[in-house]
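Letter by letter, the chains look like this.
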Amino acid sequence: MFDLKAIRDNPQEFDANWGRRGLPPQTPDILKLDGERRALQTELQELQAQRNEKSKQIGEIKKAGGDAQKVMDEVTAMKNRMTELEERERTIAESLNQHLAGLPNMLAGDVPEGKDESGNVEVRKWGEPRTDKVPEHFDIGEALGLMDFDTAAKMSGSRFTILSGGLARLERALAQFFLDTHTGEHGYTEVSPPLMVKDNALFGTGQLPKFDNGFQTTTDHYLIPTSEVPLTNMVAESIVGAETLPRRYTAFTPCFRSEAGAAGKDTRGMIRQHQFYKVEMVSITKPEESKAEHERMTGCAETVLKKLGLPYRTVVLCAGDTGFGGTKTYDIEVWLPGQQRYREISSCSNCGDFQARRMNARFKDADGKNTFVHTLNGSGVAVGRALIAVMENYYDPKDGGITVPDVLKPYMGGVGKIQKP
RNA sequence: GGUGACGUGGCCGAGAGGCUGAAGGCGGCGGUUUGCUAAACCGUUAUACGCUUGUAAAGGCGUAUCGAGGGUUCGAAUCCCUCCGUCACCGCCA
């Protein structure tokens, strides 16, 4: 969310920033509502002060044994006006909040301009992309008999997959490897969080109210679309000690998405599923540390790809492509030889104090002042897509098998190659 | 799922319609004492918002906040309702 005072002081700055995302000026509406609200508030507070004063008098008169009826009638007479002001104040505050809750975060100054994906800028590239003709992962998997979309569709519909044997184990091996690397080498604390959350948790991280169509739900919960939600909400509604920052959390969880609006996109294979596994990283930092943490986190995600020997490139998202909560986002795209192109496997965002404001997450700074923390999240990395990448990059055309990358061998019980059983 | 109890400041814990932003304690901060440390003693110590003084740093006044939201009342931490959460016992269960 936003600091109304800052908007009041610098409306043109906010409008310019939102303008980079392609939004029309927002502050005229905001300032109008804010002004109305404050005027009502001032008037209401004056009445409340009078009421409190008179009520005090009544108490004193009664204690002295007098008749307070006259003053009591005076207060009663004020009530209609007060009720009216209260209601109007509430209505205006509500529409103001609704308006603010739907607006995306301020972009960092070094985010490149651009309307969409095409404006993203490559910042790094690693590895030698494999250029020989390789089948796509679904063909490799089905040929091995270890990946079954048809059977999954019978029980669950489209966008579900059944993995078995070596591929099921490869998925688990990847997750273990990611977790062990982030906990053992990158200083993250492993967390096993709830997979179902209430709406306020999704509001805190910014997925609600704006995007209320992307979720799988139960009767009274949302299934997490990413463990960014529970991990970031670990500091919601709290004041954490400065000495505990930065906090670094990682979790391996399933993620659930409705993929509404993705009709026709990536319909084949397991690139885009209703359910997939992801290892997520979340950092909670002091404001002055978040930029460096963002670079560090992106590096942590890149590290696991390097260890796996998967070629990738890192792009900084342009203004128009940066997500709702991010001030700046790096996407890491892994090389998929089956498609002969780079596909997103990780997204690392610095959210600044945006989520912290929404979930009221603060720390005591050096002056003893309660200050909003900064939050960051990044995939470290998407397990399903990593599985695809390993399959295609380590595909052996001689026998249709998949060579197991060295770093995964310990997690595969020493198996060196996944072959048709 | 059933029944019962409970939710008060950074923490513990009193208060049971007005004198309560809230006793007392712990913790924090400042000070006195002190060779150093400890102890003791004194003082201080919530947040948000509005109005206002000031170039500012910082003040003054007011409003709201005792899990959240409604209600009753001239007046609510205190009474009533709904929701959220915690605990205990019972049931069920991986």
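Residues numbered from 1 in each chain as written. Chains lettered and ligands numbered in written order. Predicted model: local features only at pLDDT ≥ 70, side-chain atom pairs only at ≥ 80, totals over all residues. Heavy atoms only, no water.

**Student:** Got a sec to walk through the overall build of chain A? Specific residues and values, please.
**Tutor:** Helices and strands together make up the secondary structure of chain A, namely twelve helices and 18 strands. In terms of overall dimensions, chain A has C-alpha extents of about 100 × 45 × 40 Å along its principal axes. Sorting the 421 residues of chain A into buried and exposed places 49% on the buried side. When contacts within chain A are restricted to residue pairs at least 6 apart in sequence, those whose partners lie at least 24 apart make up 72%. Surface exposure of chain A reaches about 19,800 Å², of which carbon and sulfur atoms provide 49%. (Helix = DSSP H or I, 4+ residues; strand = E, 2+ residues; numbered from the N terminus. Buried < 20%, exposed > 50% of the residue type's maximum accessible area, 1.4 Å probe, protein only. Contact = heavy atoms within 4.5 Å. Areas by Shrake-Rupley, 256 points an atom, 1.4 Å probe, with all protein chains shown as cover.)

**Student:** Tell me about the protein's contact with RNA strand B, residues and numbers included.
**Tutor:** In the region of RNA strand B, 21 residues are neighbours, and Gln41, Thr42, Gln48, Ser55 and Val75 sit closest. Within 4 Å of the protein, the contacting atoms of RNA strand B are 71% sugar and phosphate, with bases supplying the remainder. Between RNA strand B and the protein, one listed contact pairs a sugar or linking oxygen with a side-chain N or O atom of Lys198 at 3.2 Å. Counting residues per element, the ones that place at least two in the surface near RNA strand B are helix H1 (4-9), helix H3 (27-63) and helix H4 (69-101). (Near = heavy atom within 4 Å. Polar contact = N/O pair within 3.5 Å; in protein donor to acceptor, adjacent residues only side chain to side chain.)

**Student:** Explain the sheet that holds strand S4 (residues 189-190) residue by residue, including any values.
**Tutor:** Across the sheet, which stays open at both edges, the eight strands sit in the order S1-S10-S11-S12-S15-S9-S8-S4 with mixed pairing between neighbours. The open sheet has two edge strands, strand S1 (121-126) and S4, and neither has a second partner. Where strand S11 (residues 328-336) and strand S12 (residues 341-350) come together, nine bridges link them in antiparallel fashion. Residue Tyr330 lies in a different strand from S12, and its bridge partner there is Cys348. In the packing of helix H10 (residues 290-308) onto the sheet, the strands contacted are S1, strand S8 (247-256), strand S9 (275-285), strand S10 (312-316), S11, S12 and strand S15 (374-382), and the crossing angle to S15 comes to about 5°. Contacting S8, S9, S11, S12 and S15, helix H12 (residues 383-393) crosses the sheet at an angle of about 35° to S15. (Pairing = 2+ DSSP bridges. Axes fitted to C-alpha atoms, helices over the stretch in contact; angles between N-to-C directions.)

**Student:** Explain the packing of helix H2 (residues 11-20) against H3 to me, and be specific about the residues and the numbers.
**Tutor:** Orientation of H2 relative to H3, taken along the N-to-C sense of each, is 140°, at an axis distance of 10 Å. Considering their axes alone, H2 and H3 lie oblique with respect to each other. Listed contacts from H3 to Pro11, Phe14, Asp15 and Trp18 of H2 are Thr27, Pro28, Ile30 and Leu31. (Parallel < 35°, antiparallel > 145°, perpendicular 65-115°, else oblique.)

**Student:** Any details on the side chain of Glu302? Residues and values, ideally.
**Tutor:** By secondary structure assignment, the location of Glu302 is in helix H10. When neighbours within four sequence positions are excluded, Glu302 is seen to be in contact with Arg124, Tyr312, Thr314 and Ile332.

**Student:** Tell me about the environment of Phe363, residues and numbers included.
**Tutor:** Tracing the backbone through its elements, the reader meets Phe363 in strand S13 (residues 361-364). Phe363 gets classed as buried once you look at its relative accessible area, which sits at 4%. In sequence terms Phe363 and Val373 are ten residues apart; their C-alpha atoms lie 6.3 Å from each other. Phe363 has contacts with Ile239, Val240, Ala242, Leu245, Lys286, Pro287, Lys369, Asn370, Thr371, Phe372 and Val373, leaving out every residue within four places of it along the chain.

**Student:** Can you break down the confidence of the model for chain A residue by residue, with the values?
**Tutor:** Parts of the model with low pLDDT should not have their predicted coordinates read in detail. Summary statistics for chain A give a mean pLDDT of 91 and a share of 100% for residues scoring 70 or more. For this predicted complex, the interface score ipTM comes out at 0.81, alongside a pTM of 0.91. (pLDDT = per-residue confidence, 0-100.)

**Student:** Give me the lowdown on the domain arrangement of chain A, citing residues and values where you can.
**Tutor:** As assigned here, chain A comprises domain 1 (4-101) and domain 2 (117-418). Relative placement of domain 1 and domain 2: their C-alpha centres are 44 Å apart. (Domains from an automatic or database assignment.)

**Student:** Requested: an account of the packing of aromatic side chains, with residues and values cited.
**Tutor:** Within a pair of aromatic rings, the relevant descriptors are the distance that separates the centres and the angle that separates the planes. Counted by the stated rule, this structure contains twelve aromatic pairs. Considering the side-chain rings of Trp126 and Tyr312, the 5.8 Å spacing of their centres and the 15° angle between planes classify their relative orientation as stacked. Here Trp126 is found in strand S1, whereas its partner Tyr312 is found in strand S10, with 186 residues between them in sequence. The buried category is assigned to Tyr312, whose relative accessible area is 1%. Ring centres 5.2 Å apart and planes at 35° place the aromatic pair Phe252 and Tyr277 in the tilted group. Taken together, the residues Phe252 in strand S8 and Tyr277 in strand S9 connect sequence positions 25 residues apart. An aromatic cluster is defined as three or more aromatic residues linked by ring pairs; in this entry it consists of Phe2, Phe14, Trp18, Phe211, Phe324 and Phe354. Positioned above the aromatic ring of Phe203, the side-chain terminus of Arg358 is 4.2 Å from the ring centre. (Phe/Tyr/Trp six-rings, centres within 6.5 Å; stacked < 30°, edge-to-face > 60°. Lys NZ or Arg CZ within 6 Å of the ring centre and 35° of its normal.)

**Student:** Talk me through the side chain of Ser379; I want residue IDs and the actual numbers.
**Tutor:** Position of Ser379 among the secondary structure elements: in strand S15. A polar contact of 3.1 Å, which involves the side chain of Ser379, links it to the backbone nitrogen of Ser347.

**Student:** Tell me about the packing of helix H7 (residues 165-184) against H10, and please be specific about residues and values.
**Tutor:** At a closest axis distance of 10 Å, the pairing of H7 and H10 adopts a crossing angle of 130°. Put simply, H7 runs oblique to H10. Of the two elements, H7 crosses H10, and the hand of that crossing is right-handed. On H10, the residues that touch Leu174, Phe177, Phe178, Thr181 and His182 of H7 are Cys300, Val304, Lys307 and Leu308. (Left-handed = near helix turned anticlockwise from the far one by under 90°.)

**Student:** Any chance you could break down the layout of surface pockets for me, citing the residues and the numbers?
**Tutor:** Its boundaries defined by the atoms lining it, the second largest pocket holds a volume of some 350 Å³. In this structure, the second largest pocket is lined by 20 residues; those nearest its centre are Phe2, Phe14, Asn105, Met106 and Asp353. Those elements that place two or more of their residues in the lining of the second largest pocket are H2 and helix H11 (354-359). With three residues, H2 is the single largest residue contributor to the lining of the second largest pocket. Counted by class, the lining of the second largest pocket contains nine nonpolar, seven polar and four charged residues. The residues that make up the lining of the second largest pocket include at least three from each of domain 1 (4-101) and domain 2 (117-418). (1 Å grid on protein atoms, 1.4 Å probe; cavity = no way out; pocket = protein on both sides within 12 Å on 5 of 7 lines; lining within 4 Å. Points joined across faces, edges and corners; volume = space filled by probe spheres on them. Nonpolar A, V, L, I, M, F, W, Y, C, P; charged D, E, K, R; others polar.)

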